[in-house]
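Analysis of the macromolecular model
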Amino acid sequence: MLDISTESCKTLRKDILTMLHASGSGHAGGSLSCVEIMDALYGGILRIDPQNPKKPDRDYFVLSKGHAAPALYAALAEREFFPKEELLTLRKAGSHLQGHPDKNKVPGVDMTTGSLGQGISIATGLALGTRAKGYDSRVYVLTGDGELQEGLCWEAAMAAANYKLSNLTLIVDWNGLQIDGPNEEVMNLGDLGAKFRAFGFEVCEIDGNDLDQVVKALSAPAGDKPRCVLAHTVKGKGVSFYENQVGSHGAVPNDEQFEKAMKEIG
Ligand SMILES: Cc1ncc(C[n+]2csc(CCOP(=O)(O)OP(=O)(O)O)c2C)c(N)n1
Ligand SMILES: [Mg+2]
């Protein structure tokens, strides 16, 4: 059973590495950077029921950075949406746990993702739709920082503010790195706080690997605008040879690295 604790974060990190080691492919860096966010959401903040994953008036989570699927799968398995042993089938032929999440195959996955840039639009639609139905649902979406270079993100942000979607929380995993380098070198994001404020969001900025800060930001009562949580994180967090390394993006541990990483996490 998953709870909100540093021990649960360690468990999620170990699950992620175990999956990647077993599959021989996947994305370590961006899965490890968002562990505290996943733990806070699936450890307690989201109003969801593993026995009834499609309950319409639940809370929703969209993993817009779908390549971090191992982090989502680990959280769902620890929250008992499916048996934990299945994590070892990551990316194997026939497994429901493919490299990117599929809502039609994996219990607890609210949206199929992997093509970057789409999640904020989807979450905006979910926030509008659940509000129209009169549900008390809150909708959370997690994007990468590099992902924000997709223009579609900003169209969706404009719409979310226009419709005053106070039930929507956008979390940015601001780890500073994307697939081929630091954001600042590839396409500088500039002052994201000022940008989201100008678009009509309420913005807060936190250390996204500090569990207390994450919980406080994600559980704060809704205001009258959509909220943007700029979460400063470390790509590859928890594993010394992955932290802040561009190469950790699509990294997979070999046997020796796996042992070292598991020891480091403790
Ligand atoms: C539309 C689209 N273009 C390219 C890719 C390939 N791709 C997968 S991850 C990634 C980099 C994402 O960087 P970022 O958003 O910063 O994610 P993180 O650092 O959290 O892993 C890219 C370019 C994709 N999945 N979708
Ligand atoms: Mg990034």
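Everything here concerns the structure above.
In this text the structure is predicted, and so the values were computed from the model without any measurement.

This part takes up the coordination of the magnesium ion (ligand 2). For a metal bound by four donors in tetrahedral geometry, the ideal donor-metal-donor angle is 109.5 degrees, whereas six donors in octahedral geometry ideally sit at 90 or 180 degrees. Donor atoms from the polypeptide that coordinate the magnesium ion (ligand 2) comprise Asp 145 (OD), Asn 175 (OD1) and Leu 177 (O), at 2.1 to 2.2 Å from the metal. Look at where the donors of the magnesium ion (ligand 2) fall in the sequence and you get D-x29-N-x1-L. One end of the pair, Asp 145, is in the loop between β2 (139-144) and α6 (151-162); the other, Asn 175, is in the loop between β3 (168-174) and β4 (177-178), and 30 residues separate them in sequence. An identical accessibility class is assigned to Asp 145 and Asn 175; each is buried.

Here we come to the site of ligand 1. In the neighbourhood of ligand 1, 17 residues make up the surrounding shell, with Lys 65, His 67, Gly 114, Asp 145 and Lys 235 lying closest. Between Lys 65 and ligand 1, the recorded distance is 2.8 Å, taken from a side-chain N or O atom to an oxygen atom. Within the backbone of Glu 147, a nitrogen or oxygen atom sits 2.9 Å from an oxygen atom of ligand 1. Within the complex, the protein chains bury 77% of what would otherwise be the 600 Å² of accessible surface of ligand 1. Residue composition of the shell around ligand 1, by class: 3 nonpolar, 9 polar and 5 charged.

All right, on to the sheet that holds strand β1 (residues 60-63) then. In spatial order, the strands read β1-β2-β3-β7-β6; together these 5 strands make up an open sheet with parallel pairing. In this open sheet, the two edge strands, each paired with only one partner strand, are β1 and β6 (202-207). Averaged over all pairs of adjacent strands, the angle between their axes in this sheet comes to 20°, without regard to strand direction. Here β3 runs beside strand β7 (residues 227-232); their pairing, made up of 6 bridges, is parallel. Pairing of Trp 174 across the sheet is with His 232, part of β7. Contacts from helix α5 (residues 119-132) reach β1, β2 and β3 within the one sheet, and its direction differs from that of β2 by about 175°.

Reading guide: rules and limits
Residues numbered from 1 in each chain as written. Chains lettered and ligands numbered in written order. Predicted model: local features only at pLDDT ≥ 70, side-chain atom pairs only at ≥ 80, totals over all residues. Heavy atoms only, no water. Donors = N, O, S within 2.8 Å, 3.2 Å for Na, K, Ca; no water. Helix = DSSP H or I, 4+ residues; strand = E, 2+ residues; numbered from the N terminus. Buried < 20%, exposed > 50% of the residue type's maximum accessible area, 1.4 Å probe, protein only. Near = heavy atom within 4 Å. Polar contact = N/O pair within 3.5 Å; in protein donor to acceptor, adjacent residues only side chain to side chain. Areas by Shrake-Rupley, 256 points an atom, 1.4 Å probe, with all protein chains shown as cover. Nonpolar A, V, L, I, M, F, W, Y, C, P; charged D, E, K, R; others polar. Pairing = 2+ DSSP bridges. Axes fitted to C-alpha atoms, helices over the stretch in contact; angles between N-to-C directions. Contact = heavy atoms within 4.5 Å.

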